[in-house]
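Now for the letters of each chain:
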Amino acid sequence: MAIKRLKNILVMYFMVMVTFFSYFEIGYAYQQHPILLKTNIEKQWDCLSRNAYFEARNQPTKGIVAIVYVTLNRAVSEHRRACSEVYEKGQFGWVGMHYRIHDNASWIRIKGIVWNVIHNYKPKYDPTHGATYYCGIHEHPHWRYRFRRTVKIKDHVFFRSV
């Protein structure tokens, strides 16, 4: 019981620290990423975090970063905001399924990772090498033959336009 209480305290401390320090860097994020320019950064952060949570919460940090970059790459290529891309019909399997966040530790970890990606977004840091699509390693979607495979990270394979 004491370990669980300590874990909850540490999770809350981390959340408070991420939120506190993030407010000092909001201006930097606006300068770095055109999709976030003049938008509600916290809403975009939440959309990207939800997508990463439902698509990659069991992945290592690099896998989570890759999912976020794919979402941002799509948004940039379509000249849209991140939330518009996440909630576009048919883009991500979890959308519309009424899933709930149940793993608080993973949620907080992912929120921190996504915030870091938003603030340090640069194409040269993209672990997917410009990918705009991905699928699970055991999935074989019909569209994958129209794209070039860029990289495999844990349970996902990433693709970009030819």
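Just so you know, these numbers come straight off a predicted model, no measurement behind them.

On to the overall build of the protein chain, then. Across its full length, the protein chain holds 6 helices and 3 strands. Approximately 9,800 Å² of the protein chain is accessible, and the part contributed by carbon and sulfur atoms is 56%.

Now for the packing of helix H3 (residues 41–56) against helix H6 (residues 104–119). Here H3 crosses H6 at 125 degrees, and the two axes come no closer than 9 Å. Taken together, H3 and H6 sit at an angle that is classed as oblique. Seen from above, H3 lies across H6 with right-handed handedness. Of H6, the residues touching H3 (which contributes Ile 41, Trp 45, Asp 46, Leu 48, Ser 49, Arg 50, Ala 52 and Tyr 53) are Ser 106, Trp 107, Ile 110, Lys 111, Val 114, Trp 115, Ile 118 and His 119. A per-class count over the contact of H3 with H6 returns 10 nonpolar, 3 polar and 3 charged.

Per the stated rule, a full pass over the model turns up 4 salt bridges. In this structure, Asp 46 engages Lys 111 in a salt bridge whose closest nitrogen and oxygen atoms are separated by 3.8 Å. Here Asp 46, found in helix H3, pairs with Lys 111, found in helix H6; they are 65 residues apart in sequence, far enough to count as distant. Taking relative accessible area as the criterion, Asp 46 reaches 22% and is therefore assigned partly exposed. Here Arg 80 makes a salt bridge to Glu 88, at a shortest N to O gap of 2.8 Å. Here the residues in one salt-bridge network are Asp 46, Arg 50 and Lys 111, joined through shared partners.

Next up on the list: the packing of aromatic side chains. This structure, assessed with the given rule, holds 13 aromatic pairs. On the basis of an interplanar angle of 40 degrees and a centroid distance of 5.4 Å, the ring pair of Tyr 133 and Trp 143 is categorised as tilted. With Tyr 133 in strand S1 (residues 133–136) and Trp 143 in the loop between S1 and strand S2 (147–153), this residue pair connects regions lying 10 residues apart in the sequence. Judged by its relative accessible area of 28%, Tyr 133 is partly exposed. Measuring from ring centre to ring centre gives 5.5 Å for Trp 143 and Phe 159, while their planes differ by 90 degrees; the resulting arrangement is edge-to-face. Linking Trp 143 in the loop between S1 and S2 with Phe 159 in strand S3 (residues 156–161), this pair joins segments that are 16 residues apart in sequence. Residue classification places Trp 143 among the buried residues on the basis of a relative accessible area of 15%. Phe 159 sits in the buried class, given a relative accessible area of 6%.

Another aspect to go through is the confidence of the model for the protein chain. Confidence along the protein chain averages 83 in pLDDT terms, with 79% of residues attaining 70 or more. Helix H2 (residues 26–32) is the least confidently modelled element of the protein chain, averaging 46 in pLDDT, while S2 averages 95, the highest of any element. Per-residue pLDDT stays below 50 along residues 22–32; that stretch engages in 21 contacts with residues further than four places along the chain or on separate chains.

The rules behind each value
- Residues numbered from 1 in each chain as written.
- Predicted model: local features only at pLDDT ≥ 70, side-chain atom pairs only at ≥ 80, totals over all residues.
- Heavy atoms only, no water.
- Helix = DSSP H or I, 4+ residues; strand = E, 2+ residues; numbered from the N terminus.
- Areas by Shrake-Rupley, 256 points an atom, 1.4 Å probe, with all protein chains shown as cover.
- Axes fitted to C-alpha atoms, helices over the stretch in contact; angles between N-to-C directions.
- Parallel < 35°, antiparallel > 145°, perpendicular 65-115°, else oblique.
- Left-handed = near helix turned anticlockwise from the far one by under 90°.
- Contact = heavy atoms within 4.5 Å.
- Nonpolar A, V, L, I, M, F, W, Y, C, P; charged D, E, K, R; others polar.
- Salt bridge = Lys/Arg side-chain N within 4 Å of Asp/Glu carboxyl O.
- Buried < 20%, exposed > 50% of the residue type's maximum accessible area, 1.4 Å probe, protein only.
- Phe/Tyr/Trp six-rings, centres within 6.5 Å; stacked < 30°, edge-to-face > 60°.
- pLDDT = per-residue confidence, 0-100.

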